[in-house]
Amino acid sequence: MHIKCLVLGAGQEVGKSCLVVTIGSKRIMFDCGMHMGFQDQRRYPDFSNISKIGDFTNSISCVIISHFHLDHIGALPYFTEVLGYEGPIYMTYPTKALAPLMLEDYRKVMVDRRGEDEQFSVLQIHQCMKKVTAVDLKQTVQVDADLQIRAYYAGHVLGAAMFYVKVGDNSVVYTGDYNMTPDRHLGAAQIDRLCPDLLITESTYATTVRDSKHAREREFLKAVHTCVAAGGKVLIPVFALGRAQELCILLDDYWERMNLKVPIYFSAGLTIQANIYYKLLISWTNQKIKDTYVTRNTFDFKHVSNFDRSQINAPGPCVLFATPGMISGGLSLDVFKEWAPSEKNLITLPGYCIAGTVGHKLMSGKSTRVKVDNRTHIEVRCQVHMLSFSAHTDAKGIMDLVKHVSPRHTILVHGEKPKMALLKTRISSELGIPCYDPTNNETIVVPCTHAVKVDATKQFLSNNMCMAKCMNQEKVAQLDLGMQHTKILQNLITRDRISAEGIVLMENAQKAKVLHPSEASDAFIDEGHKVRFRCCCPVYIGAGNDTNPKNLCDSESESCAIKEHTEPLRKKHCFKSHDNVTADIEQEPGIHHGHKFSFAMQTLAMDCPSEVIDDGNKGASSMNMNATVNLSSDNGFPFSYKRLDLLHCVYLQLVRCLGGLALQEHEDHIQGKSLRIQICSDEKCFYRICDCPEKGRQAAILCCSWDEEDNGLANCVVTLLRGSQLNLD
């Protein structure tokens, strides 16, 4: 089974977050945002990639919105009311309350003040919100019989949530935007260790590690105080919800301590409504605000008052919080035009600015003349101050989250291409987790596992899991290991999974049980069962092109290796099982009840082969040994030999190498005790050690199967055959 992730927005860019994830028969849309840097159709995701005929209701199982910022929700009314999506929509209660304010403010700025074509009306915004189902944190919502979702606290802004989605045994975590450190009004992101098949995480600050929050606050306050003390005006472009409240708390407290009389203004309208909701939704803030709420509401600002447009050119110093952030339009752009030409004034950019906005041009630090539109250019003589008061987590926070959640695969979105590439490399190398950074309209397909609940014997658990059980991060540092081994162990603990050897026993309709290999004989002997092992390995055919062919026993080192392997056989000792060998459980007379499996601490992946293993000579007469074997090659041309020639050549070389160990050549196979060697013609055989031959070489695949008591002989033969070259000339 696979999980598909179609990136419709925020692929190697920041803006219009929108992804469609397919798990089985379910398709979930995460976020439905718009790009604030475009004023044409590019502002929206390309929804035609979901359905060419526009049947979005039947194409999408549900829509999940992480928070109320426009780059995550801005296209939702367009998707529902214009394009006609009628399916379920989920978001948290604060997001449902605050989203209409953001959407209406955007509509006002774009249509009423800038004269653009209306994308959706006030009525359509309200109709859209009626389709929304609000959810609580950690509330498991059953969307339908197979699909369930659960929200986790993300910090970032009021109501922001990460979402866990589960379909059957497979799961995805989508982070949206989040912050791993608490601030003055919100807590840090919190999520369980879910170990999903796929984690989709934002990467806005993929390579940035921030300094102390207190140092940044002191720098910000010093810059503002210096400007107003010299009679200047300070413009702080913010979105009405989020950083606006954070910085208001900071300045209001500073003004109180310093007894400053310079006015602090907040653009009226949207922010007043927003602050009302912040007062009502105290339970979503941090613990300090909750504790002091009874005596004083933090959002009752003593030194902050409403701003009127007539005050733009009023004399005297002031501080103004103006919306929207990034100076992408509205009051912040109007004030910028008036205040930017004066050297006394200051513009402070407290967060990330999307490419194409005036804020992004100012952050480049090169512009003394900024193009606002085709008719307007502004001379920038004021001071421009950039501080990272962003509510996005930094690179350390992203790594901490990935490590904690412990996914099998990770996809990076909502970031800049070169920085995402560096973070992708870090996640892959340091955590050992496959990581992807797709572009817009690209689909990533990741494999997922199927969990099977099984019982396990005490011996199996004690032999295979004692290391993982006792290890933790503190003990790794105490182990006497080299740096490389320490990193491997840390990765192992991060993933919470280890490889383990065992045998799956299934009796009638009873629950499956995992045994230690040493318990197999006792478990099966009384019921007429036996344990057989099997693997398929390639042998290469000499065609005159190989520069360094590996022939069986053709060197002194190889001879030493053979002696090392065969000497214990003559003393009736056994070898350790080959790494890629699969155990099969058979019931006489050859009915196959075995399973190829790999065991991990949380999952047991099982494939059930359908062929019957035949240890007798039945079928030899029905097999045409003069038929040719088509050998695998990477360059497309066929290479064919008779089966008889191949097996005869293998037999001769094995006899030469193994000496006194008895091997018998039959028409369709080679036999040595219980060991049976024959040609494998099934290209999809899951017993194969490798799926394709080395580049530029032709290979035949030999299938080896044997009983448990002949492990030594079999592993010696497999070691000899694997990757060797046969000369059939």
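To be clear, the structure that these remarks concern was listed above.
Residues numbered from 1 in each chain as written. Predicted model: local features only at pLDDT ≥ 70, side-chain atom pairs only at ≥ 80, totals over all residues. Heavy atoms only, no water.

1. Regarding the sheet that holds strand 10 (residues 170-174)
Our working definition: For two strands to pair, DSSP has to find at least two bridges joining them. Counting from the N terminus, the helices are the DSSP runs of H or I reaching at least four residues and the strands are the DSSP runs of E reaching at least two.
Strands sit in the order 7-8-9-10-11-20-21 across an open sheet of seven strands; the sheet is mixed. Pairing within the sheet leaves two strands with one partner each, and these edge strands are strand 7 (140-142) and strand 21 (435-436). Inspection of the sheet shows strand 8 (residues 147-153) paired to strand 9 (residues 161-167) by seven bridges, in the antiparallel sense. When the sheet's bridge partners are listed, Ala151 is paired in strand 9 with Phe163.

2. Thoughts on the nonpolar core
Our working rule: Side-chain atoms within 4.5 Å link the members of a nonpolar core, which is a set of buried Ala, Val, Leu, Ile, Met, Phe, Trp, Tyr and Cys residues. Only protein chains enter the calculation, and the probe is 1.4 Å; a residue is then buried if its accessible area is under 20% of its type maximum, exposed if over 50%, and partly exposed in between. For this analysis, residues touch if any pair of their heavy atoms sits within 4.5 Å.
Ranked by size, the top nonpolar core spans 108 residues in total, and within it Met29, Phe47, Leu76, Phe220 and Leu251 carry the most contacts. Per element, the largest residue contribution to this core is nine residues, and it comes from helix 4 (residues 93-113). Setting aside residues no more than four positions away along its own chain, Phe220 makes contact with Ile236, Leu247, Leu250, Leu251, Thr348, His385, Leu387 and Phe389. Counting 32 residues, the second-largest nonpolar core is a separate cluster that includes Leu646, Leu663, Ile670 and Trp706.

3. Some details on the pairing of strand 10
Burial runs high along strand 10: five of the five residues are buried. Neither face of strand 10 is exposed, since Asn170, Val172 and Tyr174 on one face and Ser171 and Val173 on the opposite face are all buried. With five bridges connecting them, strand 9 and strand 10 associate as antiparallel partners. When the bridges of strand 10 are listed, Phe163 appears paired with Tyr174. Where strand 9 hands over to strand 10, the hairpin turn is made up of two residues, of which Gly168 adopts a positive phi near 65°. The pairing of strand 10 with strand 11 (residues 198-202) spans three bridges and is parallel. Bridged to Val173 within strand 11 is Leu199.

4. Let's talk about the environment of Glu81
Threshold: Pairs of N or O atoms within 3.5 Å make up the polar contacts considered here, provided that, within protein, one atom can donate a hydrogen while the other can accept it, and that residues adjacent in sequence are counted only when both atoms are side-chain atoms.
With respect to the helices, strands and loops of the structure, Glu81 is situated in helix 3 (residues 76-82). Beyond its immediate chain neighbours, meaning those up to four positions away, Glu81 contacts Gln124, Gln127, Cys128 and Lys131. Within the structure, the side chain of Glu81 is placed 3.0 Å from the side chain of Thr80, a separation counted as a polar contact.

5. Side note on the packing of aromatic side chains
Definition in use: For Phe, Tyr and Trp, where Trp contributes only its six-membered ring, two rings pair if their centres lie within 6.5 Å, and the inter-plane angle classes them as stacked under 30 degrees, edge-to-face over 60, or tilted in between. Any Lys NZ or Arg CZ found within 6 Å of a ring centre and within 35 degrees of that ring's normal is scored as a charge over the ring.
For the structure on display, the rule yields eleven aromatic pairs. Both rings, one in Phe79 and one in Tyr85, keep their centres 5.2 Å apart while their planes meet at 20°; by these two values the pair is stacked. For the pair shown, Phe79 and Tyr85 are each scored as buried. With a centroid separation of 5.3 Å and an interplanar angle of 35°, the aromatic rings of Phe266 and Phe321 are classed as tilted. Of this pair, Phe266 sits in strand 13 (residues 264-267) while Phe321 sits in strand 15 (residues 318-322), placing them 55 residues apart in sequence. Side by side, Phe266 and Phe321 carry an identical accessibility label, which is buried. The lysine or arginine in question, Arg210, covers the ring of Tyr205, its NZ or CZ lying 4.7 Å from the ring centre.

6. Some remarks on the sheet that holds strand 22 (residues 442-447)
Filter applied, for reference: All axes are obtained by fitting lines to C-alpha atoms, using only the stretch in contact for helices, and the reported angles, taken between N-to-C directions, cover 0 to 180 degrees.
Taken in spatial order, the seven strands line up as 6-5-4-3-2-1-22 in an open sheet, and their pairing is mixed. Of all strands in the sheet, those bounded by a partner on one side alone are strand 6 (132-135) and strand 22. On average, adjacent strands in this sheet sit at an angle of 25° to one another, irrespective of strand direction. Note: strand 4 (residues 62-64) against strand 5 (residues 89-92), two bridges, orientation parallel. Opposite Ile64, over in strand 5, you have Tyr90 as the bridge partner.

7. A short note on the side chain of Thr95
Summarising the element assignment, Thr95 is placed in helix 4. In this structure the side chain of Thr95 is engaged in a polar contact, spanning 2.9 Å, whose partner is the side chain of Thr92. Aside from chain neighbours lying at most four places away, what touches Thr95 is Ile65, Ser66, His67, Phe68, Pro100 and Gly159.

8. Quick notes on the pattern of salt bridges
Which entries qualify depends on this criterion: The term salt bridge refers to a side-chain nitrogen of Lys or Arg lying within 4 Å of a carboxyl oxygen of Asp or Glu.
For the coordinates displayed, the defined rule picks out 16 salt bridges. Of the charged contacts in the structure, one is a salt bridge between Asp144 and Lys26, with a shortest N-O distance of 2.8 Å. On the criterion of sequence distance, the pair formed by Asp144 in the loop between strand 7 and strand 8 and Lys26 in strand 3 (residues 26-30) is long-range, its members being 118 residues apart. Overall, Asp144 belongs to the partly exposed group, its relative accessible area being 25%. Accessibility expressed as a relative area gives 13% for Lys26, which makes it buried. A salt bridge links Arg426 to Glu430; its shortest N-O distance comes to 3.2 Å. Taken together, the positions of Arg426 and Glu430, both in helix 13 (residues 417-431) and four residues apart, correspond to about one turn of that helix. Given a relative accessible area of 32%, Arg426 falls into the partly exposed group. Classification of Glu430 as partly exposed rests on a relative accessible area of 32%.

9. Focus: the side chain of Asp183
Mapped onto the secondary structure, Asp183 falls in the loop between strand 10 and strand 11. From its side chain, Asp183 meets the backbone nitrogen of Leu186 in a polar contact 2.6 Å long. If we skip the residues at most four places from it in the chain, Asp183 touches Lys213, Arg243, Glu246 and Asn286.

10. Remarks on helix 7 (residues 243-258)
Note the following rule: One less than the residue count of a helix, multiplied by 1.5 Å, gives the span that helix is expected to have.
Taking 1.5 Å as the rise per residue, helix 7 with 16 residues should run 22 Å; its terminal C-alpha atoms sit 22 Å apart, in good agreement. Taking burial as the measure, the 16 residues of helix 7 include twelve buried ones, the bulk of the element. Those residues of helix 7 that sit buried are Arg243, Ala244, Gln245, Glu246, Leu247, Cys248, Ile249, Leu250, Leu251, Asp252, Tyr254 and Trp255. Where helix 7 terminates, the next one or two residues include Asn259, which has phi positive at roughly 55°.

11. Looking at the environment of Ala154
Along the polypeptide, Ala154 turns up in the loop between strand 8 and strand 9. Assessed through its relative accessible area of 0%, Ala154 is described here as buried. Sequence-wise, Ala154 and Ser66 are 88 residues apart; in three dimensions their C-alpha atoms are separated by 8.9 Å. Ignoring sequence-local partners within four residues, the contact set of Ala154 consists of Ala160, Ala161, Met162, Asp177, Tyr178, Asn179 and Ala189.

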